[in-house]
Amino acid sequence: MLFNLRPRRQSHAYAALLLPALFAFEGCSTLPGGAFNKSDFVTVAQSDEFYVLRMQQGQTPEDIADIFLGNRDAVWQLDEVNAQLQTAPGELIAVPKKPINPTGVYSNGYRTIPILCYHQFTAEQPPSQKLELRAADFEAQLRYLRDNDFQVLSFDELRDVMQFKRPMPAKGVVLTIDDGYASVYDVAWPLLKQYEMRATLFIYTDFIGAGAALNWDEIREMRDSGLIQVESHGKSHTSLAPISQDSDERSYRNRLAAELSASEASFMANLGAAPDYVSYPYGNSSRVIATMLKENGYSLAATVTRGNNGSFVDPFLLHRTMIYDGHTLSDFEGFLRNFSSRPRPR
């Protein structure tokens, strides 16, 4: 499924200030002594697309992003529409009322969002296989994301980006963890809390409660924190692509329906809500399962095909990059490409 792409739209926010006929001028408000509300900011002018605010003592671009854009991490949107973002009292800042370029497509290329895929973690023992990551390596990766100003998105936020409801961030990334191993709670979860980073946990419900797996109490605790989103990896971890046991398409569809309905029932019984997203076991998919997911109200589904995601990718064939023991921090940095350049025509 491909989305219609729109060309880059030039904002020229400051140039708009030279055209007063475009704006409806408003009065100033007093500076508050504490937490900010929208009315605490001095609105100099506004159009259908922008507010123009005058900075006051004690206010920061992060405050503006929090109040007007819904997230302090969205300050990058201010950088995009202000040629030189000035923060001193009295300076003017343009604030977009809606995404300026929701597709993230530009004349020289397009933005992408990498989705990283983890499985197991170990705190002290050496990894027993390549899908098991050392705690120290995981922490180094989280620290790298923090220190380099990456915006870590939940799958809900990724969905909104893919549906053009929010802009594609300049440095966005999604963290996912498949299966539901106990080491997620024991090793990864404390680090995610420490760095205040979101992750999406994809569980297959037959596994939950087994010796090496998470239990539902642990899953609920992580979910209730607001940092961890819990979604479906199926019921039994069987491939959701056709397999040899499927005698025909009807038996294949029946098997898929059973996998989805059993997983959904377990989610409802233990978490009180059905899942909205799927990661395909083994990354295996088909057009049949993608169509079935869409018809059953799912919004996104992820493979383990390496690569990053532009706004125009099929939302039921999202790319993910597997993270293995042995990947260096330099490897990790290479997985975080957020822009794909388009070759210039000769």
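Scroll up a little and you will see the structure.
Let us look at the structure shown here. (Residues numbered from 1 in each chain as written. Predicted model: local features only at pLDDT ≥ 70, side-chain atom pairs only at ≥ 80, totals over all residues. Heavy atoms only, no water.)

## Examining the overall build of the protein
The following threshold applies: Numbered from the N terminus, helices here are DSSP runs of H or I no shorter than four residues, and strands are runs of E no shorter than two. Relative accessibility thresholds used throughout: buried, under 20% of the residue-type maximum; exposed, over 50%; partly exposed, between the two (1.4 Å probe, protein chains only). Contacts are assigned to residue pairs with any non-hydrogen atoms lying within 4.5 Å of each other. Note that accessible areas follow from Shrake-Rupley with a 1.4 Å probe, and for residues the cover is restricted to the protein chains shown.
Across its full length, the protein holds ten helices and 16 strands. Here the protein holds 346 residues, and the buried ones make up 50% of them. A fraction of 66% describes how many contacts in the protein between residues 6 or more apart in sequence connect residues 24 or more apart. Looking at the protein as shown, the accessible area adds up to about 16,400 Å², and 48% of this sits on carbon and sulfur atoms.

## Structural notes on the layout of surface pockets
Condition: A pocket, in this scheme, is an open set of points on a 1 Å grid over the protein atoms alone with protein on both sides within 12 Å along at least 5 of 7 lines, while a cavity is a set where a 1.4 Å probe fits but cannot get out; residues line either one if an atom lies within 4 Å of a point. Grid points are joined across faces, edges and corners, and a volume is the space filled by probe spheres set on the points. Basically, the charged four are Asp, Glu, Lys and Arg, the nonpolar ten are Ala, Val, Leu, Ile, Met, Phe, Trp, Tyr, Cys and Pro, and anything else, Gly included, counts as polar.
Estimates place the volume of the largest pocket at around 510 Å³. Around the largest pocket, the lining is made up of 17 residues, and of these Asp73, Asp149, Phe150, Gln151 and Val152 lie nearest the centre. Looking at the lining of the largest pocket residue by residue, the classes come out as nine nonpolar, one polar and seven charged.

## Focus: the pattern of salt bridges
The condition that has to hold: When a carboxyl oxygen of Asp or Glu lies within 4 Å of a side-chain nitrogen of Lys or Arg, that pair is called a salt bridge.
Tallying each qualifying case throughout the model produces 16 salt bridges. The salt bridge partner of arginine 143 is glutamate 139, with a shortest N-O separation of 3.6 Å. With a gap of four residues between them, arginine 143 and glutamate 139 both fall in helix H4 (residues 135-147), about one helical turn apart. Ionic pairing is found between aspartate 156 and arginine 159, a salt bridge with its closest N-O pair at 3.6 Å. Of the two residues, aspartate 156 and arginine 159 are both situated in helix H5 (residues 155-162); the distance of three residues between them amounts to about one turn of the helix. A relative accessible area of 22% places arginine 159 in the partly exposed class. Taken together, the salt bridges that share partners define one network made up of Asp156, Arg159 and Asp160.

## What about H4?
For clarity, the threshold we go by: Expected span of a helix, by definition, is 1.5 Å for each gap between consecutive residues, and there is one gap fewer than residues.
Helix length check: H4 (13 residues) gives 18 Å between terminal C-alpha atoms against 18 Å at 1.5 Å per residue, within 8%. Just past H4, the residue aspartate 149 takes up positive phi, approximately 60 degrees.

## A closer look at the sheet that holds strand E3 (residues 92-96)
We count it as follows: Strand pairing is assigned whenever DSSP identifies at least 2 bridges connecting the two strands. Between N-to-C directions, angles cover 0 to 180 degrees, with each direction set by a line fitted to C-alpha atoms, over the stretch in contact for helices.
What the three strands build is an open sheet, ordered E1-E2-E3; its pairing is antiparallel. Where the open sheet ends on each side, the last strands, each with one partner, are strand E1 (42-46) and E3. Here the strands of the sheet are splayed against their neighbours by 30 degrees on average, with no regard to which way each runs. When strand E2 (residues 50-54) meets E3, the two strands line up antiparallel, connected through five bridges. In the strand pairing of E3, leucine 53 is matched with isoleucine 93.

## What to know about the packing of helix H8 (residues 249-271) against helix H9 (residues 287-295)
Under the convention used in this document: In what follows, roughly perpendicular refers to angles from 65 to 115 degrees, roughly parallel to angles under 35, roughly antiparallel to angles over 145, and oblique to any angle outside these ranges. Handedness of a crossing follows from how the near helix is turned relative to the far one, being left-handed for an anticlockwise turn of less than a right angle and right-handed for a clockwise one.
Relative to each other, H8 and H9 sit at 45 degrees, their axes nearing to 11 Å. Classified by the angle their axes make, H8 and H9 are oblique. In this structure, H8 meets H9 at a crossing whose hand is right-handed. Packed against H8, whose contacting residues are Glu249, Tyr252, Arg253, Leu256, Ala257 and Leu260, the element H9 presents Val288, Ile289, Met292 and Leu293 at the interface. The residue inventory of the contact of H8 with H9, partitioned by class, reads eight nonpolar, no polar and two charged.

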